[in-house]
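As a plain string of letters, each chain reads:
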Amino acid sequence: MPRQILCTVAALALAASAGACSSSRFDTGGIGASTRPAPRVARPLPPEEPDLGPGLSSGPVTSAPLAPPPGAAAVPGPVVANPSGPIMAEASPPPVQQQAAIAPPPPPVVASGGRSAVVGGWTAKDATGASCRVSLASTPALDLYKASSTGCANKDLAKVTAWDFRDGEVYLYQPGGTVAARLRPAGGAMDGALSKSGAPLAMVR
């Protein structure tokens with residue numbers, strides 16, 4: 001075999017040997033790298049929660065209204081006014097009507113010419129201008145009331161012993177039931193006439 005061919009074969013053999021060694025080294029490194037455990041990385045621990053005792057948690061606290069006990073009516077919660085709505089004024093109670101003061105009844109008015117209004121002393125004046133006193137009492141005398149006269153020049157008036165009030169008129173009587181005069185009360189005075197002569201007669205307080 002020629003020398004040149006031998007050199008070529010030797011060179012190829014060396015190259016093949018070197019390639020095998022290099023492949024073997026790389027394969028060994030690859031296997032070692034794949035089977036070697038990866039390094040552990042330290043993870044941060046979560047923050048410790050404070051120990052609140054048995055049965056307590058540090059989470060958010062929520063509150064809720066307690067349920068009423070059995071048999072008890074639920075108490076309504078507070079009513080929150082709507083700020084956006086109109087404010088309703090509280091209805092005021094209706095005004096109390098004041099009772100009109102009841103005025104005391106007026107004193108009884110004695111009608112002009114009433115019996116009680118003519119009781120007492122009077123001054124009688126006849127047509128001649130002569131005057132005397134006539135007293136009408138409230139003392140009963142049979143069916144009439146007692147009367148008397150003082151200083152009367154007129155004989156009919158001088159004999160007056162009784163009087164009565166009928167139909168708004170005052171009757172002056174002589175003994176035996178004879179009517180001496182008839183007068184009608186008016187405004188604190190009495191005007192009339194003598195029965196026998198018909199002469200006018202007036203009596204004032």
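Calculation criteria
Residues numbered from 1 in each chain as written. Predicted model: local features only at pLDDT ≥ 70, side-chain atom pairs only at ≥ 80, totals over all residues. Heavy atoms only, no water. Disulfide = S-S within 2.5 Å. Helix = DSSP H or I, 4+ residues; strand = E, 2+ residues; numbered from the N terminus. Buried < 20%, exposed > 50% of the residue type's maximum accessible area, 1.4 Å probe, protein only. Pairing = 2+ DSSP bridges. Axes fitted to C-alpha atoms, helices over the stretch in contact; angles between N-to-C directions. Salt bridge = Lys/Arg side-chain N within 4 Å of Asp/Glu carboxyl O. Core = buried A, V, L, I, M, F, W, Y, C linked by side-chain atoms within 4.5 Å. Phe/Tyr/Trp six-rings, centres within 6.5 Å; stacked < 30°, edge-to-face > 60°.

Colleague: How would you summarise the state of the cysteines if you had to cite specific residues and measurements?
Modeller: Put plainly, two cysteines are in a disulfide when a covalent bond ties their sulfur atoms together. This model, assessed by the stated rule, comprises 1 disulfide. The residue that forms a disulfide with Cys132 is Cys152, at a sulfur-sulfur distance of 1.8 Å. Across the disulfide from Cys132 to Cys152, rotation about the S-S bond amounts to roughly 80°, and the bridge is consequently right-handed. In this pair, Cys132 is assigned in strand β2 (residues 131-141) and Cys152 in the loop between β3 (144-150) and α3 (155-158), connecting sequence segments 20 residues apart. In terms of burial, Cys132 and Cys152 fall into one category: buried.

Colleague: Which residues make up the sheet that holds strand β7 (residues 189-194), and what values go with them?
Modeller: Judged by pairing direction, the barrel is antiparallel, and its 8 strands sit side by side in the order β1-β2-β3-β4-β5-β6-β7-β8 before closing back on the first. Mean inter-strand twist for the sheet, computed between neighbouring axes without regard to direction, equals 30°. Bridging between strand β1 (residues 120-126) and strand β8 (residues 200-204) involves 4 bridges; their strand directions are antiparallel. Bridging from a neighbouring strand, Ala124 pairs with Met203 of β8.

Colleague: Tell me what's going on with unusual backbone geometry, and back it up with residues and numbers.
Modeller: For Leu142, which is not glycine, the phi torsion reads 55° and is therefore positive. Tracing the sequence through the fold places Leu142 in the loop between β2 and β3. Given a relative accessible area of 88%, Leu142 falls into the exposed group.

Colleague: Outline the pattern of salt bridges, listing residues and values.
Modeller: The tally for this structure, following the rule as stated, stands at 4 salt bridges. Close ionic contact of Arg182 with Glu169 constitutes a salt bridge, the shortest N to O distance being 2.7 Å. With a gap of 13 residues between them, Arg182 in strand β6 (residues 178-186) and Glu169 in strand β5 (residues 169-174) connect regions that are remote in the sequence. Exposure remark for Arg182: the relative accessible area of 41% places this residue in the partly exposed category.

Colleague: Describe the nonpolar core, naming the residues involved and giving the relevant values.
Modeller: Formed by 21 residues in total, the largest nonpolar core has its most connected members in Leu136, Leu157, Trp163, Val170, Leu172, Met190 and Met203. For this core, the secondary-structure elements that each account for two or more residues are β1, β2, β4 (162-166), β5, β6, β7 and β8.

Colleague: Quick rundown of the pairing of β6? Include the residues and the values.
Modeller: With 5 bridges joining them, β5 and β6 adopt antiparallel strand pairing. Paired with Tyr173 across the strands is Val179, a residue of β6. Taking the residues between adjacent antiparallel strands as the criterion, β5 and β6 are bridged by 3 residues, where Gly176 takes a positive phi near 90°. Where β6 lies against β7, 6 bridges are found, and the strand directions are antiparallel. Its bridge partner lying in β7, Arg184 is registered against Asp191. Count of turn residues in the β6/β7 antiparallel hairpin: 2 residues, of which Gly187 carries a positive phi of about 60°.

Colleague: Lay out the packing of aromatic side chains with the relevant residues and their values.
Modeller: Per the counting criterion, the structure on display carries 2 aromatic pairs. Ring plane angle 35° and centroid distance 5.5 Å describe the contact between Tyr145 and Trp163, whose orientation is recorded as tilted. One end of the pair, Tyr145, is in strand β3; the other, Trp163, is in strand β4, and 18 residues separate them in sequence. Seen from their ring centres, Tyr171 and Tyr173 are 6.4 Å apart, and the 25° between their planes marks the pair as stacked. The same class applies to Tyr171 and to Tyr173, which are both buried.

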